[in-house]
Amino acid sequence: MSPWRATARAHPNIALVKYWGKRDPVRILPHQSSLSVTLAPLEVVTTVEFGAPADSVVLHGTEARGKERVRVLALLERVRAGTTRALGPVRVDSRGNFPMAAGLASSAAGFAALALAGRAAAGLSTEPGAVSRLAREGSGSACRSVQGGMCIWHRGSREDGEDSVATQAFPEGHWPELRLLVAVLSRAEKEVGSRDGMAQAVETSPYYPAWVKDAEAEIPRAIAAIAARDLEVLGALSERNAWRMHATALAADPPLCYLLPGTLGLILALPAARRRGVPVWFTLDAGPNPVLLTLASHEAEVERLAREAGAVEVVRCRPGGDARLVEP
Ligand code: 2P0
């Protein structure tokens, strides 16, 4: 591949132990570690080409303006700082194969693909640790989309952030029966984005210190449950971690409520489904659309359950692979 141009693909990820709050908003360093599953078949494909006539950032077919463009170009500035070569202006083209309205942030897949393509195009090492650190500086959760399977973003303790990086805990093929279904209840854009919401929770939620301590302690328990492929234990852990993240947000001032009535309708129906023998648990990001954890054997039944509870779309996912370089 030409050292001036590269194309990378990356999947988004869903956290089961969530990242919620920064100790350093500039370098994007979290207060606690988080753990996620990489989601196939959803992906973003990004091409980076240095030596273009002028800087250009095209996201999903449209020239980006404002904050989005600034964030993309800032990440590529960090790539430039890592080499003595004169790379010149850059052209970026990035598109996803999934509806952004599904509530799955495309930023994780987008910044993971951008970091990998950017480093490759500049002739820099594409070793996962280096790519993950760079992706983190674009969007925190992106550092967990550089590798497949299940990844842990270690909070780290260094001020320069060098040890705040994601590593793979289990490869893509570790748990082939695991399924994650995004139940789209609302496509409306949320009023307060994750970045502002987590900052508000850090500053004003009296529950914030308890959140940090609890979430960090859940990581080894989540690893043990995944190692044992124990969905009952992992599902219960995912639900309580999601509830605790939302409790922390609800306790902020002003309060942050990401749930809609339909969200509660669906997630409160799950205990009865479990009593009927359906293995189904939820996790919920900073938005109204739950992600349902189940097994391949029950995927159709869980989709039906989500639709009966009002889901307008259900996106079926499974653990995905590493971000990778491809021919454009
Ligand atoms: C997560 N979220 O662990 C958590 C759970 C939302 C709720 O990571 O400010 O887009 O770019 O670091 O990564 C969404 O926040 O935020 C997120 P920035 P990001 O997946």
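This one's a predicted model, so the numbers in the text were calculated from it and none came from an experiment. (Residues numbered from 1 in each chain as written. Predicted model: local features only at pLDDT ≥ 70, side-chain atom pairs only at ≥ 80, totals over all residues. Heavy atoms only, no water.)

1. Thoughts on the overall build of the protein
Let me state the cut-off plainly: Numbered from the N terminus, helices here are DSSP runs of H or I no shorter than four residues, and strands are runs of E no shorter than two. In this treatment the radius of gyration is a C-alpha quantity, and the globule benchmark scales as 2.2 Å times the residue count to the 0.38 power. With residues, only the protein chains shown are counted as cover, and all accessible areas are computed by Shrake-Rupley using a 1.4 Å probe. His is not counted, nor are the chain ends; Lys and Arg add positive charge and Asp and Glu add negative charge. Here the site of a charge means atom NZ of a Lys, CZ of an Arg, CG of an Asp or CD of a Glu.
The helix and strand inventory of the protein stands at nine helices and 16 strands. Here the protein has a C-alpha radius of gyration of 19 Å; the compact-globule value for 328 residues is 20 Å, and the two agree. Taken over the C-alpha atoms alone, the protein extends approximately 60 × 40 × 35 Å along its principal axes. Only carbon and sulfur atoms are counted for the fraction: they give 53% of the accessible area of the protein, which is about 13,700 Å². Each charge class in the protein can be summarised by its mean position, and for the 38 positive and 35 negative side chains these summaries are 1 Å apart.

2. Here we look at the site of the ligand
In plain terms, the rule: In this text, near means that some heavy atom of the residue lies within 4 Å of the molecule or strand in question. What qualifies as a polar contact is a pair of N or O atoms within 3.5 Å, subject to a donor-acceptor requirement within protein and to the restriction that residues adjacent in sequence count only when both atoms come from side chains. Ten residues, namely Ala, Val, Leu, Ile, Met, Phe, Trp, Tyr, Cys and Pro, are considered nonpolar, four, namely Asp, Glu, Lys and Arg, are considered charged, and the remaining ones, Gly among them, are considered polar. Residue ranges labeled as domains rest on an automatic or database domain assignment.
What surrounds the ligand is a group of 17 residues, the closest being Tyr19, Lys22, Ser139, Ser141 and Arg195. Residue tyrosine 19 places a side-chain N or O atom 2.6 Å away from an oxygen atom belonging to the ligand. Starting from 470 Å² of accessible surface for the ligand in isolation, the protein chains cover 94%. The element that contributes the greatest number of residues to the shell around the ligand is helix H4 (residues 194-204), accounting for three residues. Taken together, the residues of the shell around the ligand break down into six nonpolar, five polar and six charged. When residues of the shell around the ligand are assigned to domains, at least three map to each of domain 1 (5-171) and domain 2 (178-319).

3. Notes on the nonpolar core
As a reminder, the rule being used: In this text, buried Ala, Val, Leu, Ile, Met, Phe, Trp, Tyr and Cys residues form a nonpolar core when linked through side-chain atoms within 4.5 Å. Exposed residues in this analysis have more than 50% of their type's maximum accessible area, buried residues have under 20%, and partly exposed residues fall in between, with area computed by a 1.4 Å probe over protein chains only. Whether two residues touch is decided by their heavy atoms; if any such pair falls within 4.5 Å, the residues are in contact.
By size, the foremost hydrophobic cluster in this structure holds 48 residues, and its most contacted members are Trp20, Leu35, Leu180 and Leu234. The greatest single-element share of this core, amounting to eight residues, is contributed by helix H5 (residues 208-227). Two domains share this core, each providing at least three of its residues, namely domain 1 (5-171) and domain 2 (178-319). Setting aside its immediate chain neighbours within four residues, leucine 180 contacts Ile14, Val37, Leu39, Val291, Leu292, Leu293, Val315, Arg316, Cys317, Arg318 and Pro319. Core analysis: the next-biggest nonpolar cluster, separate from the first, contains 33 residues, Phe111, Ala112, Val146 and Ala323 among them.

4. Focus on the layout of surface pockets
Where we set the bar: In the cavity and pocket records, a cavity denotes points on a 1 Å grid over the protein atoms alone where a 1.4 Å probe fits but cannot get out, a pocket denotes an open set with protein on both sides within 12 Å along at least 5 of 7 lines, and lining residues are residues with an atom within 4 Å of a point. Grid points are joined across faces, edges and corners, and a volume is the space filled by probe spheres set on the points.
Its boundaries defined by the atoms lining it, the second largest pocket holds a volume of some 280 Å³. Within the lining of the second largest pocket, the residues separate by chemical class into nine nonpolar, two polar and three charged.

5. Concerning the pairing of strand E7 (residues 56-59)
Heads up, the condition is: If DSSP finds at least two bridges between two strands, the strands pair.
What you see with E7 is no split at all: Ser56 and Val58 on one side and Val57 and Leu59 on the other are buried throughout. As paired elements, E7 and strand E8 (residues 62-63) share two bridges and run antiparallel to each other. Looking at E8, one finds that leucine 59 is bridged to threonine 62. Hairpin connection from E7 to E8: two residues lie between these consecutive antiparallel strands, with histidine 60 at a positive phi of about 50°.

6. A look at the side chain of histidine 11
Along the polypeptide, histidine 11 turns up in the loop between strand E1 (5-10) and strand E2 (13-17). By relative accessible area, histidine 11 is classed as buried at 8%. Setting aside residues up to four positions removed in sequence, histidine 11 forms contacts with Thr38, Leu39, Ala40, Pro41, Leu42, Glu43, Ala109, Ser145, Gly320 and Gly321.

7. Observations regarding the domain arrangement of the protein
We apply this condition: Simply put, the buried area is the total loss of 1.4 Å probe accessible area from both parts when two parts are fitted together.
Along its sequence, the protein is carved into domain 1 (5-171) and domain 2 (178-319). A C-alpha centroid distance of 23 Å is found between domain 1 and domain 2. Each side of the interface is counted separately: domain 1 has 33 residues, and domain 2 has 44 residues. Between domain 1 and domain 2, a total of about 3,200 Å² is buried, with carbon and sulfur atoms accounting for 72% of that surface.

8. Focus on the environment of arginine 23
Within the secondary structure, arginine 23 is located in strand E3 (residues 22-24). C-alpha of arginine 23 to C-alpha of alanine 199: the two residues are 176 residues apart in sequence and 9.5 Å apart in space. Those residues in contact with arginine 23, other than ones at most four positions away along the chain, are Leu29, Pro30, His31, Arg155, Gly156, Ser157 and Arg158. A polar atom in the side chain of arginine 23 sits 3.3 Å from the backbone oxygen of glycine 156. Reaching out from arginine 23, the side chain makes a polar contact with the backbone oxygen of arginine 158 at a distance of 3.5 Å.

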